[in-house]
Amino acid sequence: MTGIITTGTIPKALWPGMHAFWGRDYNEHPQEWRDIFDEEMSEKAYEEDQELTGFGYAAVKSQGSAISYDSETGGPSSRYTHVVYGLGFIVTREEMDDNLYVKVSKARTKALAFSMRQTEETIAANVLNRAFSSSYLGGDGKELIATDHPTVNGTQSNELAVAADLSEASIEDLCIQIMNAKNSRGLKIAIMPRKLIIPPNLAFDAERIVKSSKQSGTANNDLNAIKSMGIFPDGVVVNHYLTDTDAWFIKTNVPNGLKRFTRRKTEFGKDNDFDTENVKAKATMRFSTGWSDHRCIYGSEGA
């Protein structure tokens, strides 16, 4: 919806005796993007991350022979280009004068802030919503969750080999894959799962799977290894902005993974137009989201 807010936009606001106006004042979810992304501040138009591959295995040195030398190379680079997001509204002088309910006019700024926060959450969640799509590629030319991320030592996967719904068995399979992770030169690295990220539709299943003392959904009396091993020290995160109802993710302890660069935090402004006497209010923000090292997150899009 676009246009100027006039006396005819909400005519009831000009009438005495209105008991309540509803539809704008709801409780909000806390900032959920912070559970997924590491925030950094930026003072440039864009930021770039560059992979350094390190060295491979040492070779046998025969007596009297020369030592083998290796070379470090640069892997893929990821660029974060900051984008400005903005929204505002215009109110006529007459509407401001004749509106009998101060709470209606003053709450518009609050509603604008709500829209800005929802935009932040949606933009951030879209990194995971598009994680399995080849239309959205990272610095290595692959989607975020893929079975064939290219490296110096062949391809690597951060996707469950056979797509599966969230279950005790599928979590264990993906955690084993995480624990066997290697760097780009094929050397084993200490990657551990930290948190389980799910949409609201999987919240109850995740609670049973992760927190049951015994194996969930079976008649077995075996212990729940996921709980006893403390696989998810940072817990289960429900993100309300994920659009795939059966896709799920495991965030690891890898640094330089999912990033949000803030170039300019949300700013609010207000001004009056001299000729029309209309009141203008706006909000803008500038940031970028994305990923550098695919080992920061593993996932499955569900069966």
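Residues numbered from 1 in each chain as written. Predicted model: local features only at pLDDT ≥ 70, side-chain atom pairs only at ≥ 80, totals over all residues. Heavy atoms only, no water.

1. Description of the environment of Asn239
Step number 1: Here Asn239 shows up in the loop between strand E8 (236-238) and strand E9 (248-252).
Step number 2: It is 9.1 Å that separates the C-alpha atoms of Asn239 and Ile36, two residues lying 203 residues apart in sequence.
Step number 3: For Asn239, the side chain forms a polar contact with the main-chain nitrogen of Tyr241, separated by 2.9 Å. (Helix = DSSP H or I, 4+ residues; strand = E, 2+ residues; numbered from the N terminus. Polar contact = N/O pair within 3.5 Å; in protein donor to acceptor, adjacent residues only side chain to side chain.)

2. A few points about the sheet that holds strand E10 (residues 258-272)
Step number 1: Here we have 4 strands laid out as an open sheet, ordered E1-E10-E11-E4, and mixed in their pairing. Two strands close off the open sheet at either side, each with one partner strand: strand E1 (38-41) and strand E4 (83-91). Across the sheet, the axes of successive neighbouring strands diverge by a mean angle of 30°, strand direction being ignored.
Step number 2: Pairing of E1 with E10 involves 4 bridges; the strand directions are parallel. By the bridge assignment for E10, Glu40 is matched with Phe261. (Pairing = 2+ DSSP bridges. Axes fitted to C-alpha atoms, helices over the stretch in contact; angles between N-to-C directions.)

3. Section: the packing of aromatic side chains
Within a pair of aromatic rings, the relevant descriptors are the distance that separates the centres and the angle that separates the planes.
Step number 1: The tally for this structure, following the rule as stated, stands at 3 aromatic pairs.
Step number 2: Note on Tyr80 and Phe261: the rings are 5.0 Å apart at their centroids and 65° apart in plane angle, and the pair reads as edge-to-face. Taken together, the positions of Tyr80 in strand E3 (residues 74-81) and Phe261 in strand E10 put the pair 181 residues apart, joining distant regions of the chain. The pair Tyr80 / Phe261 is uniform in exposure class, with both members buried.
Step number 3: Taking NZ or CZ as reference, Arg79 lies 3.8 Å from the ring centre of Tyr46, over its face.
Step number 4: Over the face of the ring belonging to Phe287 we find Arg260, whose NZ or CZ atom lies 4.2 Å from the ring centre. (Phe/Tyr/Trp six-rings, centres within 6.5 Å; stacked < 30°, edge-to-face > 60°. Buried < 20%, exposed > 50% of the residue type's maximum accessible area, 1.4 Å probe, protein only. Lys NZ or Arg CZ within 6 Å of the ring centre and 35° of its normal.)

4. A look at the nonpolar core
Step number 1: By size, the foremost hydrophobic cluster in this structure holds 42 residues, and its most contacted members are Leu196, Trp248 and Phe249.
Step number 2: Among the elements of the structure, helix H2 (102-129), helix H3 (168-179), strand E7 (193-198), helix H4 (203-211), E9 and strand E12 (297-300) are those that each provide at least two residues to this core.
Step number 3: Sequence-distant contacts of Leu196, that is, excluding residues within four places in its chain, are made with Leu166, Ile171, Ala206, Val210, Phe232, Gly235, Val236, Val237, Trp248, Phe249 and Ile250.
Step number 4: Formed by 9 residues, the second largest nonpolar core is a distinct cluster that contains Leu112, Met116, Met285 and Phe287. (Core = buried A, V, L, I, M, F, W, Y, C linked by side-chain atoms within 4.5 Å. Contact = heavy atoms within 4.5 Å.)

5. Some remarks on the environment of Ala163
Step number 1: With respect to the helices, strands and loops of the structure, Ala163 is situated in the loop between strand E6 (154-156) and H3.
Step number 2: The exposure class of Ala163 is partly exposed, given its relative accessible area of 33%.
Step number 3: Excluding residues that lie within four positions of it along the chain, Ala163 makes contacts with Ser300, Gly302 and Ala303.

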